[in-house]
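Read off the chains here:
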Amino acid sequence: MLMVRAELTRLFKNRSLILLIITFFCLSIFQCIYVSSEEDVRSLSNDIPVLETTDFSQSDDTYSYAKALGLSEPAAFRAGTNEKYTTVYTELLQNTNDKLGSVLFSSERNQMELKKQKAILEDLLSEPFIFMNDILFTQYTSFNMYWSFIYLFIGLYCTYLLIQQDTDSALFPLFNSCSTSSRSLLLSKIISILFTVTMLYLIKTGIDLLYFQINGLSLSAPFQMLNSIDIISYTLPLGTYYTLLTASSFISVLLLLMFFIFLYSLTKSSTLSFFVSIALIIIEMLLYRFLSIASSFAILKQCNIYTLLTMDQLSDQIIYVFHRIIPLNYLIPVLCLLLLPVFTILSIVFFHKAVYRKSSKDKHIFLHSRHFTLYQLKEIFIQRKALLILLVVFAYCFYDMNHYKVVKNNREASFESFVQQYYGPVNDELIERIKTDRREIHHASERSDQIVSKMIENDGNITEEESLELYELESLRTHKDDIDEIFMEVQSLKEMNVKYYADNKSLLLLVEKKNPTGTMIHVLFILIPLICIIFSTMSAFYQENTYRYVFCTKTGETKYLIRQWMHYFVIALILTGIVFGLFYLKITRYYAYHFMNQTINQSLGIHSKLHMSTWLLLYVLNFFSVFAFTITSAMALSRKLGTIAGTITLTGIIILLCIVPNGLFLLLRYDFLDHLLKYIFVLAFLVIVTVALAIHQLVK
Amino acid sequence: MTTNQLKISALCKKYGKVQALDHVDLLLSNGIYGLLGQNGAGKSTLLNILTCSLQSDEGRIFYNGTDIRQLGSSYRNILGYMPQTQQLSLDLSVEDFLYYIASLKKIAKPKPVISELLHKVNMYDYRKRSLKGLSGGMKQRVMIAQALLNDPKILLLDEPTAGLDPIERRNLRNLIASISSERIILLATHVISDVEFIASQIILMKQGKILACASQQSLMEHTDVYESSLDINTLLSMNPSIKIVNQTYVDHEMHTRFISDIPIGNCVSTTLDDVYLDWLG
């Protein structure tokens, strides 16, 4: 107990952890505010008293009646759903009764299942339908996937902190001379970490339940209230569902924690173990997303920590386990029950050995080497493990690139592969080509109709030749609507004197016109690793007093800082290359790109006659100015702040600068030229701040 | 006064092909032992085995007649260890750090012990200060305090004065001397002056072997030191086996201090530096 208390004191004396916990609570409050401010959530909250007091059973068309009462769209839909539920469940009950009497379902097992189903349906029908703000609940719980990652991160970070400090302060030899065994030492660490995570988990769950209570959500209501009429899931009350949902992330924290300690015991590097544990989650996520259900490895989809983290999937699993006894569905609990003790035992055994082995740090500074740049890059990428960050970014972008394919439906994919052949200059030749193809496709369609009608007349009998012809014609016939659409579009482009028939969708996708926050997320994907890399190297540089040796060498302070700045800029370019390179590949994979031949007015709808290439150059320069600002400020802040505190602070500052009206985000918007004065002002501000920071740092 | 006895018997340790400890035999009882040796002599290996951080390949260690492997955690209860480190980079205050180590040493009521030790090592006024903000000397004093938390019968100190200024070094020496009456203190160091004033016995190690374990006086008696104004070549021609200790330029004359088994020049008093050079040089 004393040891646990001592480990807890160690944890909570850490400023970066306190910062993380404060961020945790801020996010929690943000979640409440964000969900409450959703238009649908607010309108439904306002309309629920009306829904509860109005008798909709008298009306034939409940939806129209609700609309006539002035209720909002979601409220009217829910009024209609009430009726739908009753109808569906009555039908299901009738169906179950029929099956009970049927010879086909006379086996004992079937009879048992049916009787159970009947009892549940009768129970459900006897209960009055409860109106509640289910959008609020679903929106709120949809955040839980991210929360589980936060628990995970905090758990891992606490472990990392304790172990890293022990290693850095060379405390392991000291531990060996104390009467406490390494097992007790490890257990006290684990208990203190779990206590921290549990405390956060309980506070968060408390906030959630309080929030649900305030918003009138009945947690005892059956699961079907979540706008779903899934027959399998209805008996689970929302409260149980929610508890299982959040508890599952806790299990994953435990698993990851043990995995981390096991890995540390083997590698002796807490930083490496930390990144590998994070990478494990990403790999599991990729496995989960891309593994086909038909694959012989499909079982990996179930035996996956990521399944524990993606709550929706898990809830399905739990529901299945509750209702159907299929061995596969036991895999998740079996996995937890098996892996947890396995990792615990392995961690304890190997940690014991790890404590007994000394580690040493290799600190060489080859300042006079002409391979200074190579050395710096080696230090950043290999010794400071920045390469791992790059790999993580790459993995995400790769995932994002493939994920996009999943989002598109077959119809869109078919159209996009068909339309690509017509992209190019809009001239008579193109129009003629489209006309010819259109005629051919229409003819094929007519001929196909003829064969089909003949087949219907002859009770499905046609000759073998006709059958083959029909098969070929059908592939052309599918593009009948596509070619009409292309023809109309190209005709209108010619009338507007547009030179190229290009894929503007790709460009709009690139600049994320539909989703401006998407651009910000992509930028943060470059900036956060960059900030992380800068702080991890520069903080160590200052905190380990290396700067004292460096600044008195031939290289000198100014030259060293400028060189470092250049290295970071190169890393920023590499990251940009990865993020936008893969993004570009993503677009070109599905869309052709001819937008470079147009003006931005034609392609992006910006009120300017600038050519696309000039716009692109300016756009890239905007990014570079943001990078320059980030690098300079990170280098300045690294004198005072450590890696985690610095990364959190600077990321917070940048996000703040982005979200303030007319802030940094103006530089990252595709239509920045539409707000020319504001744009120049923001750019000038950024340049002045960057230069001032740089001068201040160099003079200091 | 209780007498403690630590017997090291035929201790061997090999790292690959390197013999770090070669049949080390020692018998230690209450008092301060200065463990001297060059880099790689095996001092740290010996300390690591004594602190249970390493396991020996051969040989045994007995505390008051019982094998320390049989004693297990009760051996560690009587052990105090100060590692050679100034890297304490925890976010804890001095007091919190001592509470932390006290919890590891399973001390039930650590408050009065910590308070007393902080006074003893002159760190009471700095008890709320973060470890990160301490000077090297202060960190060493904190490390001494943590080693003394369980009132150890065996105190192992690895380079305790590394990085300290002469005044701090003197204070630390006095502190060690003041607590040496009821325990075995083994002090491993390169700095001869650290052990010169306080150690009752000197252990000299070279290439994993114990060359000598005796009092300073008896070691000094075996080493004859002379001083002469003759140049080195002449001295070497007179006795090729002499070991030069140092040379000083005084009154336009070069004076050479050397160790020799035959008398040459003026015989002068022997210091521990001379002994170190004689045995290990």
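Residues numbered from 1 in each chain as written. Chains lettered and ligands numbered in written order. Predicted model: local features only at pLDDT ≥ 70, side-chain atom pairs only at ≥ 80, totals over all residues. Heavy atoms only, no water.

Draft legend 1. Main features of the overall build of chain A. Tallying secondary structure elements over chain A gives 31 helices and two strands in all. Buried residues in chain A amount to 47% of all 700 residues. Within chain A, contacts between residues at least 6 apart in sequence are counted, and of these 76% link residues at least 24 apart. When the accessible area of chain A is evaluated, it comes to approximately 34,800 Å², of which 64% is carbon and sulfur surface. (Helix = DSSP H or I, 4+ residues; strand = E, 2+ residues; numbered from the N terminus. Buried < 20%, exposed > 50% of the residue type's maximum accessible area, 1.4 Å probe, protein only. Contact = heavy atoms within 4.5 Å. Areas by Shrake-Rupley, 256 points an atom, 1.4 Å probe, with all protein chains shown as cover.)

Draft legend 2. Here's a closer look at the overall build of chain B. Of regular secondary structure, chain B possesses eleven helices and 14 strands. Counting only residues that meet the buried cut, chain B has 51% of its 281 residues in that class. Taking the contacts inside chain B whose residues are at least 6 apart along the sequence as the reference set, 69% of them involve residues at least 24 apart. Here chain B displays about 12,700 Å² of accessible surface, and carbon together with sulfur accounts for 49% of that area.

Draft legend 3. Up close: the packing of aromatic side chains. The full count for this structure, using the stated rule, is 15 aromatic pairs over all chains. Between tryptophan 615 of chain A and tyrosine 619 of chain A, the aromatic rings sit 4.8 Å apart at their centres with planes inclined by 15°, giving stacked as the arrangement. On the criterion of helical spacing, the pair formed by tryptophan 615 of chain A and tyrosine 619 of chain A is a turn pair, its members being four residues apart in helix α28 (residues 612-637). With a centroid separation of 6.1 Å and an interplanar angle of 10°, the aromatic rings of tyrosine 619 of chain A and phenylalanine 672 of chain A are classed as stacked. Placement of the pair is tyrosine 619 of chain A in helix α28 and phenylalanine 672 of chain A in the loop between α30 (665-668) and α31 (676-699), with a sequence separation of 53 residues. Each member of the aromatic cluster is reached from another via a ring pair, and the members are Trp565, Phe569, Trp615, Tyr619, Phe623, Phe624, Phe627, Phe672 and Tyr679 of chain A. The ring of tyrosine 124 of chain B is capped by arginine 127 of chain B, whose NZ or CZ atom sits 4.1 Å from the centre of that ring. (Phe/Tyr/Trp six-rings, centres within 6.5 Å; stacked < 30°, edge-to-face > 60°. Lys NZ or Arg CZ within 6 Å of the ring centre and 35° of its normal.)

Draft legend 4. Structural context of the environment of leucine 156 of chain B. Residue and element names in this part refer to chain B. Here leucine 156 is to be found in strand β7 (residues 154-158). A relative accessible area of 1% means that leucine 156 is categorised as buried. Setting aside residues no more than four positions away along its own chain, leucine 156 makes contact with Leu47, Leu50, Thr51, Leu79, Gly80, Tyr81, Met82 and Leu186.

Draft legend 5. Representation of the sheet that holds strand β13 (residues 253-259) of chain B in the model. Residues and elements named next belong to chain B. A sheet is described by the order of its strands in space; here four strands give the open sequence β12-β13-β11-β14, paired in antiparallel fashion. Both outer strands of the open sheet, β12 (243-250) and β14 (266-268), are each paired with one neighbouring strand and no more. Between one strand axis and the next, the sheet turns through 30° on average, direction left out of account. Inspection of the sheet shows β12 paired to β13 by seven bridges, in the antiparallel sense. Note that in β13 the partner of tyrosine 249 across the bridge is methionine 254. Helix α11 (residues 272-280) contacts β11 (225-228), β12 and β13 of the sheet and is inclined by roughly 140° relative to β12. (Pairing = 2+ DSSP bridges. Axes fitted to C-alpha atoms, helices over the stretch in contact; angles between N-to-C directions.)

Draft legend 6. Structural view of the environment of methionine 254 of chain B. All names here are of chain B. Summarising the element assignment, methionine 254 is placed in strand β13. Along the primary structure methionine 254 and serine 229 are separated by 25 residues, whereas in three dimensions their C-alpha atoms are 5.7 Å apart. Look past the residues within four positions of methionine 254 in its chain and what remains in contact with it is Ser228, Ser229, Gln247, Thr248 and Tyr249.

Draft legend 7. Inspection of the side chain of serine 633 of chain A at higher detail. Residue and element names in this part refer to chain A. Mapping serine 633 onto the fold places it in helix α28. Judged by relative accessible area, which is 8%, serine 633 ranks as buried. From its side chain, serine 633 meets the backbone oxygen of phenylalanine 629 in a polar contact 2.4 Å long. (Polar contact = N/O pair within 3.5 Å; in protein donor to acceptor, adjacent residues only side chain to side chain.)

Draft legend 8. Structural view of the pairing of strand β1 (residues 5-15) of chain B. All names here are of chain B. For β1 and strand β2 (residues 18-29), the ladder comprises eight bridges, and the chain directions are antiparallel. Bridge pairing links isoleucine 8 to leucine 26 in β2. Counted along the chain from β1 to the antiparallel partner β2, the turn is two residues long, and its residue glycine 16 has a positive phi close to 65°.

Draft legend 9. Region of interest: the interface of chain B and chain A. With 29 residues of chain B at the contact, the number on the chain A side is 27 residues. Of the roughly 2,600 Å² buried at the junction of chain B and chain A (both faces included), carbon and sulfur atoms supply 57%. There are zero salt bridges connecting chain B and chain A. If you look at where chain B meets chain A, you find two residue pairs in polar contact (both at pLDDT 80 or more). Broken down by secondary-structure element, the contributors of at least two residues to the side of chain B that touches chain A are α3 (73-77), β6 (79-82), α4 (94-104) and α6 (136-148) of chain B. (Buried area = accessible area lost by both parts, 1.4 Å probe. Salt bridge = Lys/Arg side-chain N within 4 Å of Asp/Glu carboxyl O.)

Draft legend 10. Quick look at the nonpolar core. In this structure, Phe97, Ile144 and Ile176 of chain B are the most contacted members of the largest nonpolar core, which totals 94 residues. For this core, the leading source of residues is helix α8 (residues 144-168) of chain A, giving eleven residues. Residue contributions to this core reach at least three from each of two domains, namely domain 1 (5-90 + 135-214) and domain 2 (223-280) of chain B. The contact partners of isoleucine 144 of chain B, leaving out residues within four places of it in the chain, are Met82, Val121, Leu157, Leu172, Leu175 and Ile176 of chain B. With 45 residues, the next largest nonpolar core counts Ile534, Ile606, Leu650 and Tyr679 of chain A among its residues. (Core = buried A, V, L, I, M, F, W, Y, C linked by side-chain atoms within 4.5 Å. Domains from an automatic or database assignment.)

Draft legend 11. Region of the structure containing unusual backbone geometry. All names here are of chain B. Of note, the phi angle at asparagine 64 is positive, near 45°, even though the residue is not glycine. Structurally, asparagine 64 is set in the loop between β4 (58-63) and β5 (66-67). Located in the positive-phi region is aspartate 151, a residue other than glycine, with phi close to 45°. With respect to the helices and strands, the residue aspartate 151 is situated in the loop between α6 and β7.

Draft legend 12. Examining the sheet that holds β5 of chain B more closely. Residue and element names in this part refer to chain B. Reading across from one edge, β2-β1-β4-β5 is the order of the four strands in this open sheet, with antiparallel pairing throughout. In the strand order of this sheet, the two ends are held by β2 and β5, each with one partner. Judged from the two bridges that link them, β4 and β5 form a sheet pairing that is antiparallel. From the neighbouring strand, phenylalanine 62 faces β5, where its bridge partner is aspartate 67.

Draft legend 13. A look at the pattern of salt bridges. Residue and element names in this part refer to chain A. One pass over the structure, following the stated rule, counts 15 salt bridges over all chains. With its nearest N and O atoms 3.5 Å apart, the salt bridge here joins lysine 494 to aspartate 428. Residue lysine 494 is found in helix α22 (residues 480-495), and its partner aspartate 428 is found in helix α20 (residues 428-457); the two are separated by 66 residues along the sequence. Of the residues examined, lysine 494 reaches a relative accessible area of 35% and is grouped as partly exposed.

Draft legend 14. Local environment of the environment of aspartate 449 of chain A. All names here are of chain A. Relative to the assigned elements, aspartate 449 resides in helix α20. For aspartate 449, a relative accessible area of 37% gives the class partly exposed. Distance in space between the C-alpha atoms of aspartate 449 and leucine 473 is 9.7 Å, their sequence separation being 24 residues.

Draft legend 15. Layout of the packing of α20 of chain A against helix α21 (residues 464-477) of chain A. Residue and element names in this part refer to chain A. Look at α20 against α21: their axes get within 9 Å of each other, and the N-to-C directions meet at 135°. Classed by the angle they form, the pair α20 and α21 counts as oblique. In the crossing of α20 with α21, the sense of the turn from one axis to the other is left-handed. Residues Glu440, Ile441, Ala444, Ser445, Arg447, Ser448, Asp449, Ile451, Val452 and Lys454 of α20 form the contact with α21, whose own contacting residues are Glu466, Glu469, Leu470, Leu473, Glu474, Leu476 and Arg477. Grouping the constituent residues of the contact of α20 with α21 by class yields seven nonpolar, two polar and eight charged. (Parallel < 35°, antiparallel > 145°, perpendicular 65-115°, else oblique. Left-handed = near helix turned anticlockwise from the far one by under 90°. Nonpolar A, V, L, I, M, F, W, Y, C, P; charged D, E, K, R; others polar.)

Draft legend 16. Structural context of a nonpolar patch on the surface. A grouping of Val687, Val691, Ile695 and Val699 of chain A is seen on the molecular surface, where their side chains present a nonpolar patch of about 360 Å² in accessible area. Inspection of the secondary structure assignment puts isoleucine 695 of chain A in helix α31. (Patch = residues over 30% accessible without salt bridge, like charges linked within 9 Å, V, L, I, M, F, W, Y side chains within 5 Å.)

Draft legend 17. Structural view of the packing of α28 of chain A against helix α29 (residues 643-659) of chain A. All names here are of chain A. Taken N-terminus to C-terminus, the directions of α28 and α29 make an angle of 145°; their axes are 11 Å apart at the nearest point. Note on packing geometry: the crossing formed by α28 with α29 is right-handed. For the pair formed by α28 and α29, the contact residues are Phe629, Thr630, Ser633, Ala634 and Leu637 on the first element and Leu650, Ile654 and Leu657 on the second. Of the residues assigned to the contact of α28 with α29, the class counts are six nonpolar, two polar and no charged.

Draft legend 18. Main features of helix α2 (residues 15-36) of chain A. All names here are of chain A. Taking 1.5 Å of rise per residue, 22 residues should cover 32 Å, and α2 covers 32 Å from first to last C-alpha, within 8% of that figure. What α2 keeps buried is the set Ser16, Leu17, Leu20, Ile21, Phe24, Ser28, Gln31, Cys32 and Val35. Buried residues in α2, looked at end-on, bunch into an arc of 165°, giving them a common side. Opposite the buried face of α2, by more than 90 degrees, sit the exposed residues Arg15, Ile29 and Ile33. (Expected span 1.5 Å × (residues − 1). Arc of directions from axis to C-beta.)

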